[in-house]
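# An overview of the molecular structure
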Amino acid sequence: MLFANRKKMTMKAVRFHDFGGPEVLRYEEADQPVAGEGQVLIRVAGSAFNPADNGIRSGTLPFPVSLPHVPGYDVSGIVEAVGAGVTTLHVDDAVIGFIPMGEDGSAAEYVVAPADVLVAAPSGIDLADAAGLPSVALTAWQGLFDLGGLKDGQRVLITGAGGAVGGYAVQLAGRAGAYVIATASPRSHDAVAAAGANEVIDHSSTSVLDSVTEPVDLLLNLAPISPEEFASLVDLVRDGGIVVATTAWMTTPGDDKRGVRTAGVFVEPKVDELAQLVSLVDRGELTVDIAQRVPLSELPSIHAKAAAGEVHGKVVAVPN
Ligand SMILES: NC(=O)c1ccc[n+]([C@@H]2O[C@H](COP(=O)([O-])OP(=O)(O)OC[C@H]3O[C@@H](n4cnc5c(N)ncnc54)[C@H](OP(=O)(O)O)[C@@H]3O)[C@@H](O)[C@H]2O)c1
């Protein structure tokens, strides 16, 4: 059994010492963290890249990280050591989690995380790929159900369904019995159709406004559309319906006169929901779709490609 207070060791990590462009990232030696009370030390199997990683690294997203900082807030791996007071997890447990965004993250060989944000990893998929599940699938779940209140038989329009969150949102909404209308450009069409969308609208060549013929109960926006286009889509929501968005940089439009409410997702690490998502994966009812696995040392190039709009789908970095 390994204990948390062992002698100081080093590890490889991707870190930034200053805020800025992707060039501030360094693949370097760092002190291995030590699990404190209520925490565990995880030997990282996978660290998922998220669009928000670019915002945190550039300093444009308001997470007060201390420098140098290790990015990466989705993790999969094996518990290497447990801190004081941890009774729910044990050494050698395979775990996943959406770990605190303001703390050092998973783009490293080891990371510490609060035990209470971690759940058992899905058993039927590669452990590294399981890093692609936590924050992204939680975002879809919270947007559709916690905020959107989506129910069996309702209609949902998911704009930006071709991305990582969208893949889960389409699957989860369909599984809940909703009629799913999704927007996707040709590069994402087949994946969105395979995820179970009832209708797929090519937002790159067609007017979404003209293509939806009956009102929807929920509009879930995941796409970087203009505020004007977003506001126009509210016409598609039925009276008393709701608009939910993950696109926190712009106001979510509603319509008070028609009782169309609004809500913004700020994804939370709810472990009961994450455990349910893992169960769905284990039962084959939810697919984790990983576009690319890269060695951890190549994570800086993924940040650069993402900043240039060249990353499509979920990328997982794997310690070399
Ligand atoms: N607030 C939160 O807590 C939270 C949590 C997670 C994510 N987010 C945000 O939610 C958004 C989605 O995340 P993600 O990881 O799924 O991002 P992503 O993988 O980059 O996907 C975004 C998708 O938007 C689509 N898109 C681009 N321009 C569009 C347009 N004009 N009309 C319709 N669709 C368009 C693209 O689909 P095509 O393939 O069809 O071109 C792209 O795949 C991001 O902005 C992310 O930062 C917020």
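Preceding block: the structure.
Notes on the structure follow. The structure displayed is predicted, hence computed values, not measured ones.

The rules behind each value
- Residues numbered from 1 in each chain as written.
- Predicted model: local features only at pLDDT ≥ 70, side-chain atom pairs only at ≥ 80, totals over all residues.
- Heavy atoms only, no water.
- Helix = DSSP H or I, 4+ residues; strand = E, 2+ residues; numbered from the N terminus.
- Rg over C-alpha atoms; globule rule 2.2 N^0.38 Å.
- Contact = heavy atoms within 4.5 Å.
- Areas by Shrake-Rupley, 256 points an atom, 1.4 Å probe, with all protein chains shown as cover.
- Lys, Arg positive; Asp, Glu negative; His and termini not counted.
- Charge placed at Lys NZ, Arg CZ, Asp CG, Glu CD.
- Near = heavy atom within 4 Å.
- Polar contact = N/O pair within 3.5 Å; in protein donor to acceptor, adjacent residues only side chain to side chain.
- Nonpolar A, V, L, I, M, F, W, Y, C, P; charged D, E, K, R; others polar.
- Salt bridge = Lys/Arg side-chain N within 4 Å of Asp/Glu carboxyl O.
- Buried < 20%, exposed > 50% of the residue type's maximum accessible area, 1.4 Å probe, protein only.

### Considerations on the overall build of the chain
Looking only at helices and strands, one finds 8 helices and 15 strands in the chain. Taking 320 residues into account, the globule formula puts the C-alpha radius of gyration at 20 Å, and the chain, at 20 Å, falls close to it. Principal-axis analysis of the C-alpha atoms gives the chain an extent of 65 × 40 × 35 Å. Taking contacts inside the chain between residues at least 6 apart in sequence as the whole, the part at least 24 apart equals 66%. For the chain, the exposed area adds up to about 13,800 Å²; of that, 51% sits on carbon and sulfur atoms. The chain carries 21 positive and 39 negative side-chain charges, and their two centres are separated by 3 Å.

### Section: the site of the ligand
Near the ligand lie 23 residues; those nearest to it are Val165, Ser185, Ser188, Thr246 and Val265. In this structure, an oxygen atom belonging to the ligand sits 2.9 Å away from a main-chain N or O atom of valine 267. Considering the ligand on its own, with 920 Å² of exposed area, one finds that the protein chains cover 79% of that surface. Every element with two or more residues in the shell around the ligand is listed here: helix H3 (164-175) and helix H4 (186-194). Split by residue class, the shell around the ligand holds 12 nonpolar, 10 polar and 1 charged.

### Structural notes on unusual backbone geometry
For the bond running from leucine 67 to proline 68, omega is -5°, close enough to zero to count as cis. Residue placement: proline 68 occurs in the loop between helix H1 (51-58) and strand S4 (74-82). Phi at aspartate 92 takes a positive value of approximately 85°, unusual for a residue other than glycine.

### With respect to the pattern of salt bridges
Close approach of charged atoms allows side chains with opposite charge to pair. Counted according to the given criterion, the structure contains 12 salt bridges. Note that glutamate 29 is salt-bridged to lysine 12, the shortest N-O span being 3.3 Å. Residue glutamate 29 is found in strand S2 (residues 25-31), and its partner lysine 12 is found in strand S1 (residues 10-16); the two are separated by 17 residues along the sequence. The partly exposed category is assigned to glutamate 29, whose relative accessible area is 43%. A relative accessible area of 30% means that lysine 12 is categorised as partly exposed. Where arginine 283 meets glutamate 285, a salt bridge forms, and the shortest distance between an N and an O atom there is 3.1 Å. Given a relative accessible area of 33%, glutamate 285 falls into the partly exposed group. The network of salt bridges with common partners includes Arg15, Arg26 and Glu28.

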